[in-house]
Amino acid sequence: MTKKKYLSNKKTAQQTISISPALKDWVKRYVNVNHRKNPNDERFKSVSTFYNHVLEEILKLFEKGKTLDDFERVEDKEIKDLLEPFTFKATIPLYEMVSESNRYTPFSFEFTTRFILRYTNWMRKQYKPGNFDDLSLLFDRIKSRYGTSNVSTDMRLEIFPGKNKQPTRGVLEFIGKQRNLHYENCKYFAAIFGMLGVRLTDFIYSPVDFYCRLDLIETDLLFKKELVKKERLKLLKANVDYIINYVRMLDEKDKYLWMNLAEDKELLICFKTKAAFNKWIKTIEKDLRKFSTQDAFLQKILQFFNKLHWIRIENVKDLSFRIEQSLEDYNKQKQFLIDYLSQHSEVSQNNSIYYLK
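Now for a quick tour of the structure.

### Side note on the sheet that holds strand β2 (residues 169-176)
- Read from one edge to the other, the open sheet built from four strands follows the order β1-β2-β4-β3, with strand pairing classed as antiparallel. Only two strands of the sheet have a single neighbouring strand rather than two, namely β1 (152-160) and β3 (198-206). Strand-to-strand twist in this sheet, taken as the mean axis angle between neighbours without regard to direction, amounts to 15 degrees.
- Packing of helix α7 (residues 179-196) onto the sheet brings it into contact with β1, β2, β3 and β4 (211-218), and relative to β3 it is tilted by some 165 degrees.
- Docked against the sheet, helix α8 (residues 229-244) engages β3 and β4, running at close to 15 degrees with respect to β3.

Written out as structure tokens, the structure is:
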């Protein structure tokens with residue numbers, strides 16, 4: 001390869017190339033957008049200047065041993081710097097397993113406040129009101145991190161500007177590699193769109209191909225300069241609910257529904273037979289004998305029945321509790337409780353409070 005230092009720097013030669021109209025328009029749009037952002041940046045002074053700069057820099061990279069394939073792995077530095085404090089290298093099979101139980105858990109803004117606000121504020125600074133070209137370029141930058149990785153294979157965003165004052169719509173297609181991590185990313189993008197001011201109108205998901213499609217529509221929040229945090233959080237929740245609602249959950253494993261039911265203190269678990277009760281209490285008892293102390297045995301047993309919503313513990317140290325009123329309607333279940341506790345302790349009662357000794 002002939003190195004540039006042996007050639008003239010004067011821009012007098014011309015090179016004609018054939019490109020598609022779409023690519024030509026893309027380059028022109030990219031140059032115009034960046035020229036507006038940085039009017040003094042010589043690289044974006046004109047399309048010709050931009051082409052010259054790109055070709056020169058690419059040839060420098062080739063001389064250092066880089067190839068065209070390396071460009072597929074290039075990550076936007078600003079995006080990387082933004083997300084780096086919130087990411088870490090992890091073992092995918094491990095976190096794929098861990099994230100399974102979180103599949104239908106609501107997106108907790110309180111848990112991720114700092115990250116979501118920082119990410120949202122950065123994104124809102126990247127585009128001007130009404131400028132969807134800016135949004136397209138922003139997506140291309142974000143795609144450099146998410147588009148091709150160990151958890152996803154491709155992303156594609158299409159924007160359809162509204163006509164006659166109709167709202168602009170969009171479609172995000174996202175293909176993943178891991179079942180549970182991909183679903184978490186779907187929730188994540190729905191949440192981010194909500195914070196930006198974009199409403200999710202439909203969600204198509206294939207558990208076989210790990211394919212998802214988010215149908216989107218702009219709201220008045222999209223180009224508001226004010227944060228309007230309360231309204232954006234409301235839209236965030238609505239978007240995520242579109243993905244984790246009971247219509248989808250009921251088609252899934254029973255455990256997802258049961259996890260939600262377990263949080264409701266107005267519900268209790270009943271065993272169909274004494275054999276079923278014995279099976280579970282023996283399983284719990286076995287672990288208590290193996291991993292706990294003898295002194296803590298009765299405390300842990302009470303905690304088990306408390307989680308079944310059969311009792312309400314008054315004082316765990318005194319081993320005192322009340323039997324939930326709802327259990328009184330299930331005499332068989334109540335008898336299971338009393339019989340078992342009587343095998344391991346003396347049960348006494350003072351008014352409505354029971355004690356173990």
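Once the structure has been displayed, the description carries forward.
### Some thoughts on the sheet that holds strand β7 (residues 347-350)
- Read across the open sheet, the four strands follow the order β5-β6-β8-β7; overall the sheet is antiparallel. Each edge of the open sheet carries a strand with a single partner, namely β5 (311-315) and β7. Strand-to-strand twist of the sheet, defined as the mean angle between neighbouring strand axes without regard to direction, takes the value 35 degrees.
- Across four bridges, β5 lies against strand β6 (residues 320-323) in antiparallel orientation. If you follow I311 over to β6, its bridge partner there is I323.
- Along the sheet, helix α12 (residues 297-307) makes contact with β5, β6 and β8 (353-356), crossing β5 at roughly 140 degrees.
- Sitting on the sheet, helix α13 (residues 331-344) touches β5, β6, β7 and β8, and the angle it makes with β6 is about 160 degrees.

### Some remarks on the side chain of N34
- Residue position: N34 is located in helix α1 (residues 21-37).
- Its relative accessible area of 12% is what places N34 among the buried residues.
- Apart from residues lying up to four places away in sequence, N34 is in contact with F44 and L137.

### Quick notes on the packing of aromatic side chains
- Taken as a whole, this structure holds 21 aromatic pairs when the rule is applied.
- Ring centres of F305 and W310 lie 5.7 Å apart, and the angle between their planes is 20 degrees; this geometry places the pair in the stacked category.
- Judged by its relative accessible area of 0%, W310 falls in the buried class.
- By way of ring pairs, the aromatic residues F271, F277, F304, F305, W310, F336 and Y340 are connected into one cluster.
- Directly above the ring of Y183 sits R103, whose terminal nitrogen or CZ lies 4.0 Å from the centroid.
- Sitting over the face of the ring of F297, R289 holds its NZ or CZ atom 4.0 Å from the ring centroid.

### Some details on α8
- With 16 residues, α8 ought to run about 22 Å at 1.5 Å a step, and its terminal C-alpha atoms sit 22 Å apart, in line with that.
- For α8, the set of buried residues is R232, L235, L236, N239, V240, I243 and I244. Projected down its long axis, α8 carries its buried residues within an arc of 165 degrees, all on one side. Residues K230, K234 and K237 are exposed on α8 and point more than 90 degrees away from its buried face.

### Description of the packing of helix α11 (residues 274-291) against α12
- Direction vectors running N to C along α11 and α12 enclose 140 degrees, while the axes themselves pass 11 Å from each other. Of the possible angle classes, the one that applies to α11 and α12 is oblique. When the axes of α11 and α12 are compared, the crossing they make is right-handed. Here F277, I281, I284, E285, L288 and R289 of α11 lie close against α12, whose contacting residues are F297, K300, I301, F304 and F305.
- When its residues are assigned to classes, the contact of α11 with α12 shows eight nonpolar, no polar and three charged.

Calculation rules
- Just so you know, the residues in each chain are numbered from 1, in the order the chain's sequence is written.
- Where totals are concerned, whole chains, interfaces and linings use all residues; where local detail is concerned, this predicted model gives features only for residues with pLDDT of at least 70, and gives and counts side-chain atom pairs only at 80 or more.
- The basis for every side-chain value is the complete set of non-hydrogen atoms in the structure, without hydrogens or water.
- In short, DSSP must find at least two bridges between two strands for them to pair.
- Counting from the N terminus, the helices are the DSSP runs of H or I reaching at least four residues and the strands are the DSSP runs of E reaching at least two.
- Lines are fitted to the C-alpha atoms to define the axes, a helix being fitted only along its stretch in contact, and any angle between axes, read from their N-to-C directions, falls within 0 to 180 degrees.
- In this analysis, two residues are considered to be in contact whenever any of their non-hydrogen atoms come within 4.5 Å of each other.
- Each residue's exposure class comes from its accessible area (1.4 Å probe, protein chains only) as a fraction of the maximum for that residue type: buried when under 20%, exposed when over 50%, partly exposed otherwise.
- Think of it this way: a Phe, Tyr or Trp ring, Trp meaning its six-membered ring, pairs with another when their centres are within 6.5 Å, and the plane angle makes it stacked under 30 degrees, edge-to-face over 60, tilted otherwise.
- Two thresholds decide whether a charge sits over a ring: the Lys NZ or Arg CZ must be within 6 Å of the ring centre and within 35 degrees of the ring normal.
- By this rule, a helix spans an expected 1.5 Å times one less than how many residues it contains.
- What the arc describes is the spread of directions from the helix axis to the C-beta atoms.
- Our angle categories are set so that under 35 degrees counts as roughly parallel, over 145 as roughly antiparallel, 65 to 115 as roughly perpendicular, and the remainder as oblique.
- When the near helix sits turned anticlockwise from the far one by under a right angle, the crossing is termed left-handed; a clockwise turn instead gives a right-handed crossing.
- In the scheme used here, Gly and all other residues not listed as nonpolar or charged are polar, with Ala, Val, Leu, Ile, Met, Phe, Trp, Tyr, Cys and Pro taken as nonpolar and Asp, Glu, Lys and Arg as charged.

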